[in-house]
2 protein chains.
Amino acid sequence: MKKVSIGLLGMGTVGSGVAAILRNNSLDINTRAAAEITIKKALVRDIGKKRPDLENILLTDQPDEILNDPEIEIVVEVMGGIDQSRDYILRALKNGKHVVTANKDLLALHGPELFATAQEYQKDLYFEASVAGGIPIISAIRQSLTANRITSILGIINGTTNYILTAMTGQGRKFEDVLAEAQELGYAEADPTSDVEGLDAARKLAILSSLAFNSRIGIKDVYVEGISRITPEDIVYADELGCVIKLLAIAKNLDDQSGIELRVHPALLPKSHPLANVAGVFNAVYVTGDAVGETMFYGKGAGSLPTGSAVVSDIIQVVRNTNFGANAMLVHDHYRNFPIKSSADFTTGFYIRIKVKDEPRVFANMALFFAEAGISFASIIQKPRSNHNAEIVLVTHPCKESQLRQALASLTSYSKLDKVYNVIRMETASSPNA
Amino acid sequence: MKKVSIGLLGMGTVGSGVAAILRNNSLDINTRAAAEITIKKALVRDIGKKRPDLENILLTDQPDEILNDPEIEIVVEVMGGIDQSRDYILRALKNGKHVVTANKDLLALHGPELFATAQEYQKDLYFEASVAGGIPIISAIRQSLTANRITSILGIINGTTNYILTAMTGQGRKFEDVLAEAQELGYAEADPTSDVEGLDAARKLAILSSLAFNSRIGIKDVYVEGISRITPEDIVYADELGCVIKLLAIAKNLDDQSGIELRVHPALLPKSHPLANVAGVFNAVYVTGDAVGETMFYGKGAGSLPTGSAVVSDIIQVVRNTNFGANAMLVHDHYRNFPIKSSADFTTGFYIRIKVKDEPRVFANMALFFAEAGISFASIIQKPRSNHNAEIVLVTHPCKESQLRQALASLTSYSKLDKVYNVIRMETASSPNA
């Protein structure tokens, strides 16, 4: 059997998962790849550290020992970061090696350069693990749904925020408390900004939507809001409205004309929607195509073995391609050049929670502000509170963000308004299960 | 741009979907395939029939005009049936053509012969549409999850029975009534046996499990029960037990030693399981791998455009392969030869609904029959009924079918037993959302 040597850049969570899978499932993997795949060398920071599971793998702290080793056919980048990993991947491709990477940050920033280089050198650059861990959503879009004009993607693609929102929903706890717990459990980083403010999800959405729409989409094209302002009270009201609150990554290309809509934000989602039941650290991507209709891809979005599953399956595919001289078959062709829709034109329902004086005419005046902006209500919840104040939740029918801004401007300058607690979008896309 | 001519065998529901997709999405499809794909000829029964949408396609009632046309590179079989389609596919492969088929019945019966022929002639034989319509579950198993030892597949892969059970659950209606309605709406065939008795799901399970376990699995290896004996009363009791009743197609290979477990039967499934919310004509396949963990693939399991999406995406992949001379890359290698587990050794919980005399000692005696077979109960529901009879639902902890048979033999010979209404398996696989 033909032998294929791979070099691993990084031996952290994902790298050790890759090594474990290649060790545990070698019979199946080698048969499926029609080649004996072995990790020849791994780049690590500390070659002195004991790694009892990795006795057969040479460790090095010199990247050139991997990038310049002519025996290594595939370089697997699982070290993360931007500048070094970009440099190593470019050098690997130019040295005639195929690359498998799990690095979403890098691809969202430097994808075009990396894919162009892979194309120029006719090498494979696979990246299934970069979005939604073990869920094969990249190959679904690049290969299995190619008959379709994809019209929308709705994703729960950040495990940290989904873990936090699930715990807040199930246990009525506050954002800050659950975040602290998630940090202790290792589900959230010491600096959680990238996750909780939606940036991580935005990077993944940029990757998915570039592939789905064959159009160049960068992080700056994505409108982003995080979940830090979601409170247990909002979650209880959402429940009363038949909804859950999820951090959704949304890309829509409804008619090829009005522009691609790209947004990451917390949203009220009907409980009947298949995404509403995606709990904890699970991820799911809900893709609608003009032919296939609604589809959903569900699984673990992170972790050593789930992410390793995506990396190793990519390695097997690269080896199969190599066996047939068919590398660089999947081209990242941005043959479309769709405009990006401005957030002012996003059309969604809104949940608005406010405190006002509990006096005659207040509600009538308030309703007028919305009517003047052309906004009507889908539902209203009012509960009396102490101190002559009333807490009111207004749910609008879909309207443009620019309309909402107009109504909110009138509202916030109204003397009887005490406070706007929160404004949260609603994703009312009807579920096929409804 | 290179031109690729395809020949269509059949122009029914799926064939017209394929033609519509190729017409509507030609820019995207041709760019993604790097070739101009056109349907040159279609085999139909009645060439006189008006088909206003298909003016550019030559129609023929002579299969040789497609099978012997040297210009045709890909033959798409969407005519169904067994003997003729087998003959045409074999001739197409031997004539140097790649084949895309949607024919599960044919593959479940003659897969080994067809794949061996494709391999011998180094041609592609793609079949994504044969299982679960638009859901890309075949390519998930053949390509995206190859790093894994797959341990189980749970599928809702028959739309007709899922439509019937969903309507029975939501509306409290009887099997016979909903079936008659489904037949009127075209969701069930005039002879519904293959769907409602589980045979269709068994054929699809045979295809999926052969791929997942790399082992030869035929229809005869699958234990099959249908849904015709499920009553509204069972569905109400299931609801009380926190479950729904679904027709599940289940394949398990837990330890590589005790044999592959293959079964299609109605089952009580906890409402918290992601499959429990799959409603109506939707399909979903829940796949667990040792590395990736739990995954689910959800979408429409039938219909002109969803099935056409799978067929056309396969065509695009075959064209890409052809561009790179990389056909026959995916081999159906049954390098494993796992034994098949006997149904007597299936270990599941059971729901048993009976009517007994409402007298002292009856319950104690009955409990003894189960205790003697080594079976204990997870829950019991008893409601008093008229005529000195009691209706009892017993839910067992997981036990072997052979144990259950022993208990039932004692029970049915017991003078105080009036009736066994139903025995239904439970699938208690814990959900990650639970």
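The rules behind these values
Residues numbered from 1 in each chain as written. Chains lettered and ligands numbered in written order. Predicted model: local features only at pLDDT ≥ 70, side-chain atom pairs only at ≥ 80, totals over all residues. Heavy atoms only, no water. Helix = DSSP H or I, 4+ residues; strand = E, 2+ residues; numbered from the N terminus. Rg over C-alpha atoms; globule rule 2.2 N^0.38 Å. Buried < 20%, exposed > 50% of the residue type's maximum accessible area, 1.4 Å probe, protein only. Contact = heavy atoms within 4.5 Å. Pairing = 2+ DSSP bridges. UniProt positions renumbered as here; feature names shortened; annotations may be inferred. Buried area = accessible area lost by both parts, 1.4 Å probe. Salt bridge = Lys/Arg side-chain N within 4 Å of Asp/Glu carboxyl O. Polar contact = N/O pair within 3.5 Å; in protein donor to acceptor, adjacent residues only side chain to side chain. Nonpolar A, V, L, I, M, F, W, Y, C, P; charged D, E, K, R; others polar. Least-squares fit on C-alpha atoms with pLDDT ≥ 70 in both. Arc of directions from axis to C-beta. Domains from an automatic or database assignment. Axes fitted to C-alpha atoms, helices over the stretch in contact; angles between N-to-C directions. Left-handed = near helix turned anticlockwise from the far one by under 90°.

Engineer: How would you summarise the overall build of chain A if you had to cite specific residues and measurements?
Structural biologist: A count of helices and strands for chain A gives 14 helices and 17 strands. A globule of 434 residues ought to have a C-alpha radius of gyration of about 22 Å, and chain A, at 24 Å, matches this closely. Principal-axis analysis of the C-alpha atoms gives chain A an extent of 85 × 45 × 35 Å. Out of the 434 residues belonging to chain A, those deemed buried represent 60%. Taking contacts inside chain A between residues at least 6 apart in sequence as the whole, the part at least 24 apart equals 74%.

Engineer: How would you summarise the sheet that holds strand S3 (residues 58–60) of chain A if you had to cite specific residues and measurements?
Structural biologist: Residues and elements named next belong to chain A. Spatial strand order, S3-S2-S1-S4-S5-S6: six strands in an open sheet with parallel pairing. Looking along the sheet, the strands with just one partner apiece sit at the ends: S3 and strand S6 (125–126). Looking at chain direction, strand S1 (residues 3–9) and strand S2 (residues 36–43) are connected through seven bridges and run parallel. Paired with serine 5 across the two strands is threonine 38, which belongs to S2.

Engineer: Which residues make up the UniProt feature "binding site: L-homoserine" (unreviewed entry) in chain A, and what values do they have?
Structural biologist: Residue and element names in this part refer to chain A. Within this structure's numbering, the places UniProt gives as "binding site: L-homoserine" (unreviewed entry) are Glu189. Among the structural elements, glutamate 189 can be located in the loop between helix H8 (175–185) and helix H9 (193–196). Classification of glutamate 189 as exposed rests on a relative accessible area of 51%. Leaving out residues up to four positions away in the same chain, glutamate 189 has contacts with Gln183 and Asp195.

Engineer: Can you lay out the interface of chain A and chain B for me, pointing to particular residues and giving the numbers?
Structural biologist: If you look at the interface, chain A gives 57 residues, while chain B gives 57 residues. Counting the surface lost from both chain A and chain B, the interface buries some 4900 Å², and carbon and sulfur atoms represent 50% of this. Counting across the interface, chain A meets chain B through four salt bridges. Put simply, Arg336(A) and Asp28(B) hold a salt bridge, and the shortest N to O gap is 2.9 Å. Joining chain A to chain B, the criterion identifies 34 residue pairs in polar contact (both at pLDDT 80 or more). Elements with a minimum of two residues in the side of chain A that touches chain B: helix H2 (26–33), helix H6 (137–144), strand S11 (282–289), strand S12 (293–300) and helix H12 (304–323) of chain A. Looking at the side of chain A that touches chain B element by element, the count peaks at nine residues for H12(A). Among the residues forming the side of chain A that touches chain B, the class breakdown is 27 nonpolar, 20 polar and 10 charged.

Engineer: Give a description of the relation of the copies chain A and chain B that names residues and reports values.
Structural biologist: Its rotation angle being 180°, the transformation that places chain A on chain B also includes 0.0 Å of axial translation and leaves an RMSD of 0.0 Å. Here the symmetry operator amounts to a two-fold rotation axis. No C-alpha of chain A lies nearer the rotation axis than that of Phe297(A), which sits 2.5 Å from it. With an isologous cut-off of 70% or more, the 100% of interface residues of chain A that recur at the interface of chain B puts this contact in the isologous class.

Engineer: Help me get a handle on helix H13 (residues 362–372) of chain A, residues and values and all.
Structural biologist: All names here are of chain A. Of the positions making up H13, those classed as buried are Val362, Met366, Phe369 and Phe370. The arc that holds the buried residues of H13, viewed along the axis, is 95°, so those residues lie on one side. Residues Ala364 and Glu372 are exposed on H13 and point more than 90 degrees away from its buried face. Positive phi shows up at glycine 374, right after H13, with a value of about 80°.

Engineer: Can you tell me about the UniProt feature "binding site: NADPH" (unreviewed entry) in chain A, naming the residues and giving the values?
Structural biologist: Residues and elements named next belong to chain A. Annotation from UniProt places "binding site: NADPH" (unreviewed entry) at Lys104. Locating lysine 104 in the fold gives a position in helix H5 (residues 104–120). Beyond its immediate chain neighbours, meaning those up to four positions away, lysine 104 contacts Ser130, Asp200, Lys204 and Ile207.

Engineer: Can you break down the domain arrangement of chain A residue by residue, with the values?
Structural biologist: All names here are of chain A. Each assigned domain of chain A is listed here: domain 1 (3–134 + 304–323), domain 2 (140–300) and domain 3 (346–426). Averaged C-alpha coordinates put domain 2 and domain 3 at centres separated by 26 Å. In this complex, domain 2 contributes 19 residues to the contact, which on the side of domain 3 involves 18 residues. Regarding the contact of domain 2 and domain 3, the summed buried area is about 1500 Å², with carbon and sulfur atoms giving 58% of it. The largest contributions to the domain 2 side of the interface with domain 3 come from Tyr237, Leu241 and Leu268, which together make up 41% of the buried area. For arginine 353, the salt bridge is made with aspartate 234, and the minimal N-O distance between the two is 2.8 Å. Across the domain 2-domain 3 interface, the total number found is 11 residue pairs in polar contact (both at pLDDT 80 or more).

Engineer: An account of the packing of helix H1 (residues 13–24) of chain A against H12(A) is needed here, citing residue identities and associated values.
Structural biologist: Residue and element names in this part refer to chain A. Between H1 and H12, the shortest axis-to-axis distance is 8 Å and the interhelical angle comes to 65°. The way H1 lies across H12 gives a crossing that is right-handed. Facing H1, whose interface residues are Thr13, Val14, Ser16, Gly17, Val18, Ala20, Ile21 and Leu22, H12 presents Ser304, Leu305, Thr307, Gly308, Ser309, Val311, Val312 and Ile315. Grouping the amino acids of the contact of H1 with H12 by side-chain chemistry returns nine nonpolar, seven polar and no charged.

Engineer: Just give me the short version of the pattern of salt bridges, but keep the residues and values in it.
Structural biologist: Throughout the structure, instances matching the rule amount to 61 salt bridges over all chains. Members of the salt-bridge network, linked through shared partners, are Glu225(A), Arg229(A), Glu401(A), Arg405(A) and Arg425(A).

Engineer: So what about the sheet that holds strand S5 (residues 98–101) of chain B? Which residues, and what values?
Structural biologist: Residues and elements named next belong to chain B. Spatially, S3-S2-S1-S4-S5-S6 is the arrangement adopted by the six strands of the open sheet, whose pairing is parallel. Strands with a single pairing partner mark the edges of an open sheet, and in this sheet they are strand S3 (58–60) and strand S6 (125–126). Pairing between S5 and S6: two bridges, direction parallel. Bridging from a neighbouring strand, valine 99 pairs with leucine 125 of S6. Along the sheet face, helix H4 (residues 83–94) touches strand S1 (3–9), strand S2 (36–43), strand S4 (72–77) and S5 and points at about 150° away from the line of S5.

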